[in-house]
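# Per-entry structural report
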Amino acid sequence: MDVKSQSLGAQTTIRPPTRKSPMCRLCSGGYSGANAPRTPTLARHHPMPEAFAPHGRWSRGIVTYLIYVAAGTVSLALSTSSDTISLLYLAAGFGLACVLCWGRAQAVAVGLGSLTVGAIGVLADHSALQHWGSFLGLAASGLGGGLQAWVAARWVQGPDENAPLPLDNLRDITRFMLLAGPLACVINPVLTSTTLVLTGATPYTEWLPLMASWWAGDMLGVLMGTPLLLTLWGRPERLWRQRRFVVGMPLLASSILLGLGIRQIQDWDQEREDSAFRLHAEATSNAMRLRLNAYLAALESMRGIYDASDSVERDEFRRASTSWLRQLPGTQALGWTEKLGIGRLETFEMLQRAEGVTGYRVFDQPGRVAAQGPDLAAIRFIEPLDGNEAALGLNILSVPLARQTYQQAILSNQPAASPGMRLTQEKGNQLGVVIYRAVYRSPTVLASDRNATAMGVVFLALRIDDALVAVLKDMPPFMQACLLDRSESKGEPLFLGGTSGCGRNAKTPSPHSVVVPLSFAQREWSLHMWAVGPVPSVGGRATAWLFAIGGVGFAAALGTLLLMVTGHAERMTAAIDDARLQRAAAESANQAKSDFLSRMSHELRAPLNAILGVAQVMGLDRRPPLSDAQNHRLQQIQQAGWHLLDMIDDVLDLSRIDAGTLKLTAVRLPLPPLLDATRQLVDDLARQKQVSLTIDGTLPAGWGVLADETRLKQVLTNLLSNAVKYNRPGGSVHVQAALLRHKSSEPPTVNIVVTDTGLGMTEAQLAQLFQPFNRLGREKNTPDGTGIGLVISRHLALLMNGQLEASSREGSGSTFTLSLPATQLASEPPAAPPAPPRHEPAMDADDAARDTRHVLYVEDNHANTAVVQAALSSRTWIKLTVAATIEAGLAALHDRLRGPLPQLILLDVHLPDASGLDFLKLAKANPETQHIPVVMISADALPEQIDNALKAGAAAYLTKPLQITALLDMVDDMLKLPPPTSRSGRGGSV
């Protein structure tokens, strides 16, 4: 079966659904359960008439079968003879609709319908009946059609075959079009086309085009046909009934117009292909005519030698024929046949032997017997001699076909070609043709004297297949050709050469074929050419495909829109409600994340505060002094604790960066003070590591950077501490700042370059440098660190409209370049003289003589309370009152019987009976207490919490774990100086 198309065209079955069937709530109307939507207003006010629906399984099966066969036959009728299948096979969609409406048992009727449509196509294509594989293909198409409909229904409806299919939202519609269309429609094409190829009914080269076309036809039929038929019997009934005109009629009109349009475009495609084929055929036939004329020209040229010379020698003939043999590939031989009587035979043979042709003799065929008869015509010269020795000396009058052609050439004085025959020198199975041209003693011989005055004939022998190969070498590969001899008026044309089976193709031509008559040397030949594959043309078959896909895409989009619009109005309300719920859920999730971060920060910092606080108090308490071993252990505790705190801060920063909640405030900053402050933070580490640190932060006068002060200090601290930690003893770190003015319109930038002489990095390590938690294998050498400091630093640089880049060579150190926007600083008044250095108050007798200062500490955690009490114990002139709840704190604040008003309030945020922010607001709202400075002490380090506290009136915000020296400095400042507006610092305020 050569083109498997229409015969087994894309298929799927159609089943008419019944409205009241217990199998199908699609037809009996209404949803069930929680998914039941309200009936659309349109259906309520404009009821549609009920469509005919069969009852009972058998009647539904019959209706399904008939609908499928009718739709499939129409699709085949709309296909052209050269198309393998219909590009719009509505039967597939109708069959699926019947299965969805009346149950999956209808897949059997679909399969029978698919088998019937395939049989109609096979009967229409007589060539398909000649191969047994076509019948297996029919069986496969029946099985595949039913299976495809069953699988599509199962995927769309799920395990419950009675489930309604409202298709009233984009998700369900998209799911239906994807599962029932492109995915399920693969089944029948793959099964049937593979069967046809494996049985040999279809060439394997046609497997993919056949399968793709079949799949496209089924898919497009499902996308258009299934919703169209569901408007008659779909469930829920009222929903689909009101769609009958709104959805069904546009889809029906679109299907009809699309089907007719595809057929018209296919006809145009076939016309273009036929035109292209005829152009190729005309070029091929012209090449054949030119080659045949060249053969005749060669004969005339060789004849001219004899007309111009009384005697032509063998060497002269060889030289004259060589040029023609080169120009005419496929030519078997050029030669001279001389006419002589039997009386001259012996002399003639001796003369040829004398010329060097050893063993020359004239013979008759068959059997190469001695020449007989009064008149002979012996082949004297033949070129090339190699391969043609067997013909030298042949008396052509002993070969009936040659004798007839020889006499015809003598009497007509025109070239004459023999019928196809086996040449004497032929060793294979090719037929040959010999063309003769008579030579006379006088060029102007009369017709009546031609036989008497004939000297012989020059001849040209052709092996037809070799000649056709030479002539048709430029013929396109999608074409085949053969040469027939139609000179005999009776009987079948004689096959001369070309593609085998040419006679059958001549009787049953392909969609593109042509027969070109050729008159050659008094014989009537015909050149048959036909297409055995697709004919290349402008656009090929893409036009029909594009039209079909575009049309169905439009129809599918239109159907989707109509299906959605016809959904009941409550669906929109439900969608809005869902959106509100989703928004609330998103806000709740965001709040939960914030609460989690706050809680995690608080829960981790609270125990750290006790550990580090007690350790610091022990370090400050010199009575009695600790031993060196104890001091060493105490330092290890503090070092590990602060390292853990750094890890907590880094993780929280990274999470805030990822969530996009990290807020920065860019201000104009002079660079040298920032670098000096950063240096002080890493000086101790540099001394421990024996690394020299030099900083040159000088910029042109009036220039600084535009950045967030706290975050810039964080980035610089990270860069410097890394440069020291990963350095070698005796190494160095150099920091250089420079202002870059760009020539283009880009604004100027400040580059801060940190260069170290440390270990350096390989290219592989450098590529992984900014990966979170990747320490590049340095964990053993430098245990401190989390592997996210540089990640955070790069993100912070980007958030400040800058960039952080790195370069390094293994063993030669690394260079980090921080680029930030440059800015001109505003002029500032002269700085006030520095305050005298503060000294840690010693515990001496003078403390007792100082005025007593009252401090209220509201804190529920006993460990935290103990840390602050121990820290303030060095200030004997401070009286500390502790309250564990907000209620107790307010009582201590306002109850004069307990003592005077406190001069300072230390306040936790998370307290058992209320938030510390509530206490702060109450204190600031009371005229009697609003002047009292309040310092928040909390493990909650989230920026939002800190901002809220400072806005509510807090003088400072200290985060746990506390740095005891910073706490004592702040307490001294608050009690001896007017309360500042706000302070910041880790371990101090933030």
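None of these values were measured; they are calculated from a predicted model.

## Notes on the overall build of the chain
- Broken down by element type, the chain carries 29 helices and 23 strands.
- Looking at the chain as a whole, 49% of its 990 residues qualify as buried.
- For the chain, the share of sequence-separated contacts (at least 6 apart) that also reach a separation of at least 24 residues comes to 75%.
- In the form shown here, the chain has an accessible surface area of approximately 46,600 Å², with 59% of it arising from carbon and sulfur atoms.

## Considerations on the UniProt feature "modified residue: 4-aspartylphosphate" (unreviewed entry) in the chain
- On the UniProt side, "modified residue: 4-aspartylphosphate" (unreviewed entry) is annotated at positions that read Asp-908 here.
- Relative to the assigned elements, Asp-908 resides in the loop between β21 (904-907) and α27 (916-925).
- The class of Asp-908 is buried, set by a relative accessible area of 1%.
- When near neighbours in sequence (up to four residues on either side) are disregarded, Asp-908 contacts Val-858, Glu-859, Asp-860, Gly-916, Met-936, Ile-937, Ser-938 and Lys-960.

## Side note on the pattern of salt bridges
- Summed over the entire model, instances satisfying the criterion amount to 20 salt bridges.
- The salt bridge involving Asp-307 is made with Arg-303; its shortest N-O contact spans 3.9 Å. Here Asp-307 pairs with Arg-303, and both are found in helix α10 (residues 237-308), just four residues apart, close to one helical turn.
- Residue classification places Asp-307 among the partly exposed residues on the basis of a relative accessible area of 34%.
- Across the pair Asp-474 and Lys-473 runs a salt bridge, and its minimum N-O distance is 3.3 Å.
- Judged by relative accessible area, which is 59%, Lys-473 ranks as exposed.
- The network of salt bridges with shared partners includes Arg-314, Glu-338, Arg-344, Glu-355 and Arg-380.

## Observations concerning helix α5 (residues 107-124)
- In this model α5 runs 26 Å from its N-terminal to its C-terminal C-alpha over 18 residues, within 8% of the 26 Å that 1.5 Å per residue would give.
- Along α5, the residues that are buried comprise Ala-107, Ala-109, Val-110, Gly-111, Gly-113, Ser-114, Val-117, Gly-118, Gly-121 and Val-122.

## Focus on the sheet that holds strand β22 (residues 934-938)
- Strand order in the open sheet formed by five strands is β20-β19-β21-β22-β23, with parallel pairing between adjacent strands. With partners counted over all chains shown, the strands left at the sheet margins are β20 (878-883) and β23 (956-959), one partner each. Direction aside, neighbouring strands of the sheet carry axes that sit 20° apart on average.
- In the sheet, strand β19 (residues 853-858) pairs with β21 via four bridges, with the strands oriented parallel. Bridging from a neighbouring strand, Val-855 pairs with Leu-904 of β21.
- The strands touched by helix α26 (residues 886-894) within the sheet are β19, β20 and β21, with β19 carrying the most contacts at an inclination of about 160°.
- Running over the sheet, α27 touches β19, β21 and β22 and is turned about 180° from β22.

## Some details on the packing of helix α8 (residues 187-198) against helix α9 (residues 207-233)
- In the contact formed by α8 and α9, the axes pass within 9 Å of each other and the chain directions differ by 150°. The orientation of α8 relative to α9 falls into the category roughly antiparallel. In this structure, the crossing between α8 and α9 has a hand that is right-handed. Each of Asn-188, Pro-189, Val-190, Thr-192, Ser-193, Thr-194, Leu-196 and Val-197 in α8 lies in contact with α9, whose residues at this interface are Trp-207, Leu-210, Met-211, Trp-214, Trp-215 and Asp-218.

## A word on the nonpolar core
- Judged by nonpolar contacts, the single largest core of 50 residues is most densely connected at Leu-88, Leu-96, Leu-165, Leu-167, Phe-176, Ala-180 and Leu-230.
- Elements supplying a minimum of two residues to this core: α3 (57-77), α4 (90-102), α5, α6 (133-157), α7 (170-183), α9, α10 and α17 (542-565).
- When sequence neighbours within four positions are dropped, the list of residues in contact with Phe-176 reads Leu-96, Leu-100, Val-156, Leu-165, Leu-167, Gly-181, Thr-226 and Pro-227.
- Membership of the second largest hydrophobic core comes to 48 residues, among which are Trp-324, Phe-478, Ala-521 and Trp-525.

## Brief notes about unusual backbone geometry
- In this structure, the amide linkage connecting Arg-235 to the following residue, Pro-236, adopts the cis form with an omega of 0°.
- Located in the positive-phi region is Ala-521, a residue other than glycine, with phi close to 50°.
- Secondary-structure assignment places Ala-521 in the loop between β10 (513-520) and β11 (523-531).

Definitions and limits used
Residues numbered from 1 in each chain as written. Predicted model: local features only at pLDDT ≥ 70, side-chain atom pairs only at ≥ 80, totals over all residues. Heavy atoms only, no water. Helix = DSSP H or I, 4+ residues; strand = E, 2+ residues; numbered from the N terminus. Buried < 20%, exposed > 50% of the residue type's maximum accessible area, 1.4 Å probe, protein only. Contact = heavy atoms within 4.5 Å. Areas by Shrake-Rupley, 256 points an atom, 1.4 Å probe, with all protein chains shown as cover. UniProt positions renumbered as here; feature names shortened; annotations may be inferred. Salt bridge = Lys/Arg side-chain N within 4 Å of Asp/Glu carboxyl O. Expected span 1.5 Å × (residues − 1). Pairing = 2+ DSSP bridges. Axes fitted to C-alpha atoms, helices over the stretch in contact; angles between N-to-C directions. Parallel < 35°, antiparallel > 145°, perpendicular 65-115°, else oblique. Left-handed = near helix turned anticlockwise from the far one by under 90°. Core = buried A, V, L, I, M, F, W, Y, C linked by side-chain atoms within 4.5 Å.

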